[in-house]
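Structural overview
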Amino acid sequence: MPRDGRIVAVLGPTNTGKTHLAVERMLGHPSGMIGLPLRLLAREIYDRVVAQRGQRNVALITGEEKIVPPHPHYYVCTVESMPLERTVDFLAVDEIQLCADAERGHVFTDRLLRARGERETMFLGAETMRPIIRRLLPDAEYISRPRFSRLGYAGERKLSRLPRRSAVVAFSAADVYALAELMRRQRGGAAVVLGALSPRTRNAQVALYQSGEVDYLVATDAIGMGLNMDVDHVAFAGLRKFDGLHMRRLTAAEIGQIAGRAGRHMNDGTFGLTAGAGELDPELVEDIVNHRFEAVRQLHWRNSRLGFRSLPALIHSLAMPAPRDEMIRARDADDVLALKRLAADPEVTEAAAGPAAVKQLWQVCQIPDFRKTMADAHHRLLGRIYLYLMRPAGVLPTDWIAEQVRRLDSTDGDIDTLANRIAHVRTWTYVTNRADWVADAAHWRERTRALEDRLSDALHAALTARFVDRRTAALFRRLREKQELFGAVTADGDVLVEGQYVGKLRGLRFTADAALHGPEGRAVRTAANRVLAREIVKQASHCAEADHGDIAWKDDNRLWWRGAPVARLVAGPHPLTPRVDLMSTEHVSGPLRERVRRRFSDWLEAELVRVCPQLARLRAADLSGAARGLAFQVAEGLGVVARETVQPLIDTLTPDDRKALKKLGLRLGFVDVFLPALVKPERQAARSRLWAAHQGQDGNLPPPPGLVSLDADPDLDPGFYAACGYRLIGGLAVRVDMADRLAGAAREASRAGPFAPDHAMLSLLGRGREDLHKVLLALGYRAQTRDETTLYRFAGRPGRAKHRQAATKRARAHSPFAALGRLNGGD
């Protein structure tokens, strides 16, 4: 019942020192009690009071933790756990505006109406409570507390542009985790605070932020209530939240409560939105900045004079309407929902006979559901606890408790698994704090508390590992303190700045770690560049003197040195003379860069002579007339040219020309004019790379070694197949030497008239009869069936006569010798 004494309402926005004032007033009395909205805040205030009055004079009472010395003078509690039967000189309730909260409001309203100190009662909260407190408590006095610092609006900012000491606020665990992951990649990491975390984990995460190890915090609206942190800026990642029933927009007072966490003591703070979070009306911004909010009009109320005569009487008393217009009956909270659910269980209703049994059931229903996602499972657990308590022993079986705790005793698992396990343990911590429910309560309290601590530490470690990049965070701290950063390059090419990995030096090219971006990333790269400038010059000097065996030409058309690409091939004046470009020369001076380029160009020239000596000899041969023109076109075709395109030149070759070309290894085949020696795998690969470089492409892999034919890829250029030594015939890519032998065999067989392909022809193609049929048709043969046998006779290549006439006409109009003169001039 209310007692006589002074009632004071201390009202004002956040950062006004209301809680500090209440603690000082309490310690000015011989005895006192303070109710706080969070277990975490209660522990913080408890430690502060113990430091001033000693542990034997102070009690801590929350749902999950009780530290009660024999004769305490001061009680620090959560609002729900305040022992109102105790008589104290001073009593305070913090955040009294939570009377308007749909979930917990009825508890705060009850304290507003019933909780009193003998000499002084103090209610701390927002100015919005003044009108309704005046109506309910007309004798109350008021103290207005102005904010110590100013609060300003900073507008919308990207996450990457948020200032140091910022808190980003979201309204679901999934959003918090997603934002924290972004902050890890962009800013080195963030601490995480959610209401679902255990107090120990929250404390550890807050300490991570407070210590400066990370400069950012990502949290739910849990930070809006009493957690004291050095936050300079609050950024809202959204303006809608789920209130237990539906999604709704935040009220102005809720935005103001959260935004007010920016700026501590005399340091000004700002608030704003992240990109894409929505918009704030200018009038609303002005109200938040000036702490002007709509007054609370109704409080949530629930009857506290409960009837325990029977189960129906208890449910009826909980459903009583509010006694005044300023109040509204609270919606059914978790404890009422649990009661109604258990009241439908025949076994429970049978046990709940008599006032003591009904009261016991109500106390069991008040065990919190820390998991918040499995109501049916929670109700089943409550039913089992109640039925155990109603047995003759009157306590929970020790072996049953041991088994429940044992199942939870593991620190393995991801963040969600650990958080869920902690929620289970917190339930058992609450249960074992009831000394009349368990045998050896002190043992079980200690055991569940130790387990919760271990799990909380594991969860803190998991959150930190996932959302904090200690390497980047450490670099950011050095940058923030404007200290010089030192770096080095390891033998493996790892570039280290302040001992932290920032990228890889491969050859002459530095690849920065993907996490380095934004202003801090640029600064770190600047420090890395100072190290790289020296190292790359040293590397380039070695590169310019590289041994032939240290350089490799790979299928990507890059020239590699010491396991890293250094140069690439680009189109030159001739397919056989590509140009060499260095891939990265940011730190290499002009003369040194040219030395490296010249070394790789010389290497490539020597390598081509080694791999394809036939092409080198063909280009250098002392030929004249048609022979020289033919050699030029074969060299330009990288060792092969279709016979029909050079037939006019072949027609004018002299016997000496043919002898000279044969000596150079050139074959005037039926289909192509080619160098047979170039079909070897290493030479095929080199020719494919040369062709790709001349076409301005990266390298393509040549056909696998040893294949004489394969299905042609319509997406690949026919020139690529030709460069590799393959001719496209009948939908197949056939190696030029085999195509020539097959055409020769068919021509020989056709001299005696229509012929049936023999096994030798099939083996030359390496395919079945259907594919051979297509190839023969493409070579100018016509098929006919006789006595169920397919015979072929030569009918001339389709369009070949017409093409040959046109080629002859061109040859006459333009002397091949004149053409060769032009070619000589360009070679």
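Quick caveat: nothing in here was measured; it's all calculated off a predicted structure.

Basis of the calculations
Residues numbered from 1 in each chain as written. Predicted model: local features only at pLDDT ≥ 70, side-chain atom pairs only at ≥ 80, totals over all residues. Heavy atoms only, no water. Helix = DSSP H or I, 4+ residues; strand = E, 2+ residues; numbered from the N terminus. Rg over C-alpha atoms; globule rule 2.2 N^0.38 Å. Buried < 20%, exposed > 50% of the residue type's maximum accessible area, 1.4 Å probe, protein only. Contact = heavy atoms within 4.5 Å. Areas by Shrake-Rupley, 256 points an atom, 1.4 Å probe, with all protein chains shown as cover. Core = buried A, V, L, I, M, F, W, Y, C linked by side-chain atoms within 4.5 Å. Pairing = 2+ DSSP bridges. Axes fitted to C-alpha atoms, helices over the stretch in contact; angles between N-to-C directions. Phe/Tyr/Trp six-rings, centres within 6.5 Å; stacked < 30°, edge-to-face > 60°. Lys NZ or Arg CZ within 6 Å of the ring centre and 35° of its normal. Salt bridge = Lys/Arg side-chain N within 4 Å of Asp/Glu carboxyl O. Parallel < 35°, antiparallel > 145°, perpendicular 65-115°, else oblique. Left-handed = near helix turned anticlockwise from the far one by under 90°. Nonpolar A, V, L, I, M, F, W, Y, C, P; charged D, E, K, R; others polar. Disulfide = S-S within 2.5 Å. pLDDT = per-residue confidence, 0-100. Polar contact = N/O pair within 3.5 Å; in protein donor to acceptor, adjacent residues only side chain to side chain.

Turning next to the overall build of the protein. Broken down by element type, the protein carries 30 helices and 34 strands. The globule rule puts the C-alpha radius of gyration for 827 residues at 28 Å, and the 43 Å found for the protein is more than 25% above it. In terms of overall dimensions, the protein has a C-alpha envelope of 130 × 75 × 50 Å along the principal axes. Sorting the 827 residues of the protein into buried and exposed places 50% on the buried side. Counting only contacts in the protein whose residues sit at least 6 apart along the sequence, the fraction spanning at least 24 positions is 67%. When the accessible area of the protein is evaluated, it comes to approximately 38,000 Å², of which 50% is carbon and sulfur surface.

Here the focus is the environment of Ala693. Among the secondary structure elements, Ala693 is positioned in helix H24 (residues 681-694). The spatial distance from the C-alpha of Ala693 to the C-alpha of Thr577 is 9.8 Å, given a sequence separation of 116 residues. Those residues within four positions of Ala693 in sequence are excluded, and the remaining contacts are Asn557, Leu569, Val570, Ala571 and Pro578.

Turning next to helix H3 (residues 105-114). When you tally the buried positions in H3, you get 8 out of 10 residues, the bulk of the element. Every buried residue of H3 is accounted for by Gly105, His106, Val107, Phe108, Thr109, Asp110, Arg111 and Leu112. For H3, the secondary structure elements touched by its buried residues are strand S6 (90-93), strand S7 (120-125), helix H4 (130-136) and strand S17 (299-301).

Turning next to the nonpolar core. Counting 65 residues, the largest nonpolar core has Trp553, Leu559, Val596, Phe600, Leu630 and Val673 as the members making the most contacts within it. Among the elements that take part in this core, helix H19 (residues 590-611) stands out by supplying 7 residues, more than any other. Contact partners of Val596, with chain neighbours within four places excluded, come to Leu508, Ala540, Cys543, Ala544 and Leu582.

Before going further, it helps to spend a moment on the sheet that holds strand S27 (residues 640-642). Read across the sheet, 3 strands follow the order S27-S29-S28 without closing on themselves; strand pairing throughout is antiparallel. With partners counted over all chains shown, the strands left at the sheet margins are S27 and strand S28 (667-668), one partner each. Relative to S27, helix H21 (residues 625-636) is tilted by about 110°, and along the sheet it contacts S27, S28 and strand S29 (672-674).

What follows concerns the sheet that holds strand S12 (residues 216-219). Adjacent strands of a sheet pair through backbone hydrogen bonds, lying either parallel or antiparallel. The strand order across the open sheet formed by 6 strands is S9-S16-S13-S10-S12-S11, and the pairing between neighbours is parallel. Across the chains shown, the open sheet's two edge strands, defined by having one partner strand only, are strand S9 (151-157) and strand S11 (191-193). Strand-to-strand twist across the sheet, computed as the mean angle between neighbouring axes with direction ignored, equals 20°. Bridge analysis of strand S10 (residues 166-169) against S12 gives 4 bridges, and the strand direction is parallel. Considered in S12, the bridge of Val168 is made with Val218. Against the sheet, helix H8 (residues 282-289) makes contact with S9 and strand S16 (269-274), and its axis sits at roughly 140° relative to S9, the strand it touches most.

Attention shifts here to the packing of aromatic side chains. Inspection of the entire model under this criterion finds 9 aromatic pairs. With 5.1 Å between their ring centres and 50° between their planes, Tyr153 and Phe271 make a pair best called tilted. Of the two residues, Tyr153 sits in strand S9 while Phe271 sits in strand S16, which places them 118 residues apart along the sequence. Accessibility expressed as a relative area gives 34% for Tyr153, which makes it partly exposed. Here the aromatic residues Phe755, Tyr781, Tyr792 and Phe794 are joined through ring pairs into a cluster of three or more. Note that Arg134 overlies the ring of Tyr142, its terminal NZ or CZ placed 5.3 Å from the centroid. Residue placement shows Arg466 over the ring face of Tyr177; its charged tip is 5.5 Å from the ring centre.

Scanning the entire structure with this criterion turns up 49 salt bridges. Notably, a salt bridge pairs Asp215 with Arg165, separated by 3.3 Å at the nearest N-O pair. Of this pair, Asp215 sits in the loop between helix H6 (199-210) and S12 while Arg165 sits in the loop between S9 and S10; the two residues are 50 residues apart in sequence, bridging distant segments of the chain. Comparing Asp215 with Arg165 shows no difference in burial state: the two are buried. Measuring nitrogen to oxygen at the nearest pair gives 3.3 Å for the salt bridge that ties Arg449 to Glu452.

Below, the discussion takes up the packing of H19 against H24. Between H19 and H24, whose axes approach to 10 Å, the crossing angle comes to 140°. On the basis of their axis angle, the class for H19 and H24 is oblique. You can see that H19 and H24 cross each other, and the crossing is left-handed. Between H19, through Leu608, Arg610 and Val611, and H24, the contact on the second element is made entirely by Glu682, Arg683, Ala686 and Leu690. By residue class, the composition of the contact of H19 with H24 is 4 nonpolar, no polar and 3 charged.

Now for the state of the cysteines. Applying the stated criterion across every chain, the model contains 0 disulfides. Take Cys724: it sits in no disulfide, and the sulfur closest to it among the cysteines is that of Cys612, at 11 Å.

For the pair helix H20 (residues 613-620) and H21, interaxial distance at closest approach is 9 Å and the crossing angle is 145°. In this structure, H20 crosses over H21, and the sense of that crossing is left-handed. Where H20 approaches H21, its residues Leu615, Leu618 and Arg619 are matched on the opposing element by Ala631, Val634 and Ala635.

Turning our eyes to something else, we now look at the confidence of the model for the protein. Looking at the protein, the pLDDT average stands at 86 and 91% of residues meet or exceed 70. For residues 799-804, every residue scores under 50 in pLDDT, and the model assigns this stretch 5 contacts once sequence neighbours within four places are set aside. Contacts of residues 806-827 to residues separated by more than four positions or lying in other chains number 14 contacts, the stretch itself having pLDDT below 50.

By the element assignment, Asn303 lies in the loop between S17 and helix H9 (311-318). Looking at Asn303, the relative accessible area reads 8%, which means it is buried. One polar contact links the side chain of Asn303 to the main-chain carbonyl oxygen of Arg305, over a distance of 3.0 Å. For Asn303, the side chain forms a polar contact with the main-chain oxygen of Ser317, separated by 3.1 Å.

Another aspect to go through is the pairing of strand S32 (residues 732-735). Judged by which residues are buried, S32 turns out to be covered on both faces: Leu732 and Val734 on one side and Ala733 and Arg735 on the other are all buried. Across 3 bridges, the pairing between strand S30 (residues 709-711) and S32 is antiparallel. The residue bridging Ser709 from the neighbouring strand is Val734, located in S32. Here 4 bridges tie strand S31 (residues 726-729) to S32, and the two strands are oriented antiparallel to one another. Bridge pairing in S32 places Tyr726 opposite Arg735. Counting the residues that bridge the hairpin from S31 to S32 gives 2 residues, and of these Gly730 lies at a positive phi of roughly 60°.

On to the side chain of Thr427. Among the structural elements, Thr427 can be located in helix H15 (residues 415-432). Here Thr427 falls in the buried class, since its relative accessible area comes to 2%. Residue contacts for Thr427: discarding those within four places in its chain leaves Ile367, Pro368, Phe370 and Leu381.

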